[in-house]
Amino acid sequence: MASLIGVRGLLAGAIIVGAGFFVAPSAAFAHGGVMLEQDECVLRIGPNTMHFIGYQRSGEEAEFCEDIAKTGPTVIALTAVSPDLRDMAIGIRIVKDVGEEKEKANLNAVTVAYLEPKVYRNGIMTFEHDFKDAGRYVGIVTVRDDLGNEWVSRFPFSVGLYTFWGLIEYILYAVGFFSLLGLMWWMLRAGAKKKTQAGDAIA
């Protein structure tokens, strides 16, 4: 009985360790104005927060907070968390990442998508853009109240690129997966060895 409990404990530990490898990278590599909190992408803009999510319909639907794995039609949705945002105008601009100085010099030339600020009473702004070119981009979310106060949040992301952090994330997935397999193999081998020793003792 004790050995069975020990095996179960090791198995539970292996599952927890493996799950940690699969869950941790998503939170660890958040950057810009977007971060992962309790399995939800959160965009902080001034004193307010919004939920941020994007996904692509082509093939298997894949949601993302930041980097987009491939080019193509992409849906981005912003949902107001703070009640005050429902009375504010919300806008978003997607630009090529050319550096802030070049961006300011000719904003329209580097803009690939733009939704002017508008009040969304339901607190949800959704739009779709077809990313035809792989590269690095910046999302610029603007919030404006009735008094003319304005807050801006920027978040960089890539489309169709293998980033350094993305590579590290895949490596961690692989390490976690093979560590889990190795631990399970070791437990099975140890169990089989104990059975063999018990049989030899009886004989």
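Residues numbered from 1 in each chain as written. Predicted model: local features only at pLDDT ≥ 70, side-chain atom pairs only at ≥ 80, totals over all residues. Heavy atoms only, no water.

Focus: a nonpolar patch on the surface
Here is the rule: Every patch collects residues that have over 30% relative accessible area and no salt bridge, joining them within 9 Å if they carry like charges and within 5 Å if they are nonpolar side chains (Val, Leu, Ile, Met, Phe, Trp, Tyr). All accessible areas in this document rest on Shrake-Rupley with a 1.4 Å probe, and a residue is counted as covered only by the protein chains that are shown. What counts as a salt bridge is simple: a side-chain nitrogen of Lys or Arg found within 4 Å of a carboxyl oxygen of Asp or Glu. Where helices and strands are cited, they refer to DSSP runs of H or I of at least four residues and of E of at least two residues respectively, numbered from the N terminus. Accessibility here uses a 1.4 Å probe with only protein chains present; expressed as a share of the type maximum, an area under 20% marks a residue as buried, one over 50% as exposed, and anything in between as partly exposed.
Residues F177, F178 and L181 make up a contiguous nonpolar surface patch of roughly 310 Å² in combined accessible area. Here L181 shows up in helix α4 (residues 164-202). The exposure class assigned to L181 is partly exposed, which follows from its relative accessible area of 40%.

Focus: the nonpolar core
Which entries qualify depends on this criterion: Grouping buried Ala, Val, Leu, Ile, Met, Phe, Trp, Tyr and Cys residues that are joined through side-chain atoms within 4.5 Å yields what is termed a nonpolar core.
M50, L78, I94, V141 and F157 are the most contacted members of the largest nonpolar core, which has 27 residues in total. Elements with a minimum of two residues in this core: β2 (40-45), β3 (48-56), β5 (72-80), β6 (89-96), β8 (124-131), β9 (135-144) and β10 (150-159).

A few points about the sheet that holds β9
What links the strands of a sheet is backbone hydrogen bonding, and the strands pair in either a parallel or an antiparallel sense. Quick note on the threshold: Being paired, for any two strands, means DSSP has found at least two bridges between them. What counts as an axis is a line fitted to C-alpha atoms, over the stretch in contact for a helix, and the angles between N-to-C directions run from 0 to 180 degrees.
Spatially, four strands are ordered β7-β6-β9-β10 in an open sheet, and the strand pairing comes out antiparallel. Looking at which strands have only one partner, the edges of the open sheet turn out to be β7 (111-119) and β10. Between one strand axis and the next, the sheet turns through 15 degrees on average, direction left out of account. Pairing of β6 with β9 involves eight bridges; the strand directions are antiparallel. Directly across from K96, in β9, lies its bridge partner Y137.

Focus: the side chain of T111
For clarity, the cut-off: Within 3.5 Å is the distance limit for a polar contact, defined as a pair of N or O atoms, with the added protein rule that one can donate a hydrogen and the other accept it, and that residues adjacent in sequence qualify only through two side-chain atoms. Residue contacts follow a heavy-atom distance rule, with two residues in contact if any of their heavy atoms lie within 4.5 Å.
One can find T111 in strand β7. Only 2.7 Å separates the side chain of T111 from the backbone oxygen of L107, close enough to count as a polar contact. Once residues lying within four places of it in the same chain are set aside, the contact partners of T111 are R93, I94 and V95.

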